[in-house]
Amino acid sequence: MQDADYVCFMTDAKTTFIAEVESAFLQRWSAISGMRSYHSPEQNLAVISQPQCRGWVGFLADKNNWDLIRACNCPTINFSNRHGSISWAVNVFSDDDEIGRLAVSAFVARGFINFAFVGLEGHGYSRDRCDGFLKALKLKGYSAQVFNFDDKYCENPIRFASYRRDMVRQWLARMPGPTAVLAANDFAAHSFIDLISDLEPERLDSLAVIGVDNTPLSEQHDIKFDRT
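Overview of the structure. (Residues numbered from 1 in each chain as written. Predicted model: local features only at pLDDT ≥ 70, side-chain atom pairs only at ≥ 80, totals over all residues. Heavy atoms only, no water.)

## Quick word on the environment of Leu26
What counts is decided by this rule: Labels follow the DSSP assignment, with helices taken as runs of H or I lasting at least four residues and strands as runs of E lasting at least two, numbered in each case from the N terminus. Only protein chains enter the calculation, and the probe is 1.4 Å; a residue is then buried if its accessible area is under 20% of its type maximum, exposed if over 50%, and partly exposed in between. Any two residues whose heavy atoms approach within 4.5 Å at even a single point are treated as in contact.
As for its position among the elements, Leu26 is in helix H1 (residues 16-32). Residue classification places Leu26 among the partly exposed residues on the basis of a relative accessible area of 23%. On a C-alpha basis, the gap between Leu26 and Cys8 in space is 9.6 Å, while along the polypeptide they are 18 residues apart. Here Leu26 is in contact with Phe9 and Ser37, once residues within four sequence places are set aside.

## Remarks on the packing of helix H6 (residues 157-174) against helix H7 (residues 186-199)
Note the threshold: Angles run from 0 to 180 degrees between N-to-C directions of axes, and those axes are lines fitted to C-alpha atoms, restricted for helices to the stretch in contact. Note on angle classes: values under 35 degrees are labelled roughly parallel, values over 145 roughly antiparallel, values of 65 to 115 roughly perpendicular, and the remainder oblique. For this classification, Asp, Glu, Lys and Arg are treated as charged, while Ala, Val, Leu, Ile, Met, Phe, Trp, Tyr, Cys and Pro are nonpolar and the rest, including Gly, are polar.
Orientation of H6 relative to H7, taken along the N-to-C sense of each, is 85°, at an axis distance of 10 Å. The orientation of H6 with respect to H7, classified from their angle, is roughly perpendicular. Each of Arg164, Arg165, Val168, Arg169, Trp171 and Leu172 in H6 lies in contact with H7, whose residues at this interface are Phe192, Leu195, Ile196, Asp198 and Leu199. By residue class, the composition of the contact of H6 with H7 is 7 nonpolar, no polar and 4 charged.

## Observations regarding the packing of helix H4 (residues 96-109) against helix H5 (residues 124-139)
Rules: Less than a right angle of anticlockwise turn of the near helix away from the far helix marks a crossing as left-handed, whereas a clockwise turn marks it as right-handed.
Closest axis-to-axis distance for the H4/H5 pair is 7 Å, and the angle between their directions is 45°. Put simply, H4 runs oblique to H5. Handedness of the H4/H5 crossing: right-handed. Contact residues: Asp96, Asp97, Ile99, Gly100, Arg101, Ala103, Val104 and Phe107 in H4; Tyr125, Asp128, Arg129, Asp131, Gly132, Phe133, Lys135, Ala136 and Leu137 in H5. Counted by class, the contact of H4 with H5 contains 8 nonpolar, 2 polar and 7 charged residues.

## Digging into the nonpolar core
Quick reminder of the rule: Within this scheme, the nonpolar core is defined by two criteria: the residues are buried Ala, Val, Leu, Ile, Met, Phe, Trp, Tyr or Cys, and they are joined through side-chain atoms within 4.5 Å.
By size, the foremost hydrophobic cluster in this structure holds 39 residues, and its most contacted members are Phe107, Phe133, Val168 and Phe192. Mapped onto this core, the elements with two or more residues apiece are H4, strand S6 (115-120), H5, strand S7 (145-149), H6, strand S8 (179-183), H7 and strand S9 (207-210). Per-element tally for this core: the top contributor is H7, with 7 residues. Discounting residues that sit within four places of it in the chain, Phe107 has contacts with Phe112, Phe115, Phe133, Ala180, Val181, Leu182, Ala208 and Ile210. Core analysis: the second largest hydrophobic core is formed by 13 residues, Met10, Ile48, Cys74 and Ile86 among them.

## A few points about H1
We apply this condition: Take the residue count of a helix, subtract one, and multiply by 1.5 Å to get its expected span. Directions drawn from the helix axis to the C-beta atoms are what define this arc.
With 17 residues, H1 ought to run about 24 Å at 1.5 Å a step, and its terminal C-alpha atoms sit 25 Å apart, in line with that. Those residues of H1 not exposed but buried are Ile18, Val21, Glu22 and Phe25. The buried side chains of H1 occupy one side of the element, clustering within an arc of 95° when seen end-on. More than 90 degrees from the buried face of H1, the exposed residues found are Gln27, Arg28, Ser30 and Ala31. On its buried face, H1 is in contact with strand S1 (6-10), strand S2 (36-40), strand S3 (53-58) and strand S4 (76-78).

## Observations regarding the packing of aromatic side chains
Basically, it comes down to this: Under the pairing criterion, centres of Phe, Tyr and Trp rings, with the six-membered ring standing for Trp, must be within 6.5 Å; the plane angle then separates stacked pairs below 30 degrees from edge-to-face pairs above 60, leaving the rest tilted.
Applying the stated rule across the entire model yields 12 aromatic pairs. Judged by centre distance (5.7 Å) and plane angle (55°), the rings of Phe9 and Phe25 are tilted. Separated by 16 residues along the polypeptide, Phe9 in strand S1 and Phe25 in helix H1 bring together distant segments of the chain. Like Phe25, Phe9 is buried. Each ring, one from Phe147 and one from Trp171, has its centre 5.0 Å from the other, and the planes form 20°; the classification is stacked. Taken as a pair, Phe147 in strand S7 and Trp171 in helix H6 lie far apart in primary sequence, 24 residues in all.

Shown next as structure tokens:
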């Protein structure tokens, strides 16, 4: 490995979504380049700081690593849009407007007229998916309530759980009748459903929730929503 040039794909989480991106990238890379590819399960800076490393690909979601990675002076492709575009990298993002539009099409086809978005404060993809959702709803004459899980954390886990419960309880009070909910990702959807199941389980029959990214969390709820 040290004697040949290579390109590196680094990930620090092995979700279904990231695995599919990696597989597609490496398949295409092998088809267009004779250069070797190397996989690292985490962002190992020693790997990309080698002169043989001609480029690296990864999800730059952690700002704490940006200065060190940039100092490696290695061409970089970034797939994470958590913080928006990074000026010194090639950014390849999901079409978050399209995600919002697809959710609206699915919900309207099921007959919903009340809508909500559950996001994650400070995450670029959450903001962009919300914007796409709201724009698509507006074109059809609808609007949506927007709720965000913020990044406030308490040292006391019991206090934090109570804070989150109160937050969702307030959201539920603002949701009229059957509501179709787009969540920023599977984590937001999972957290939202868990809290509703705990607070007002009877409301589950009046909600439809779409999560995004196809992570293992999406398989942890066996809830079927049926609307006419």
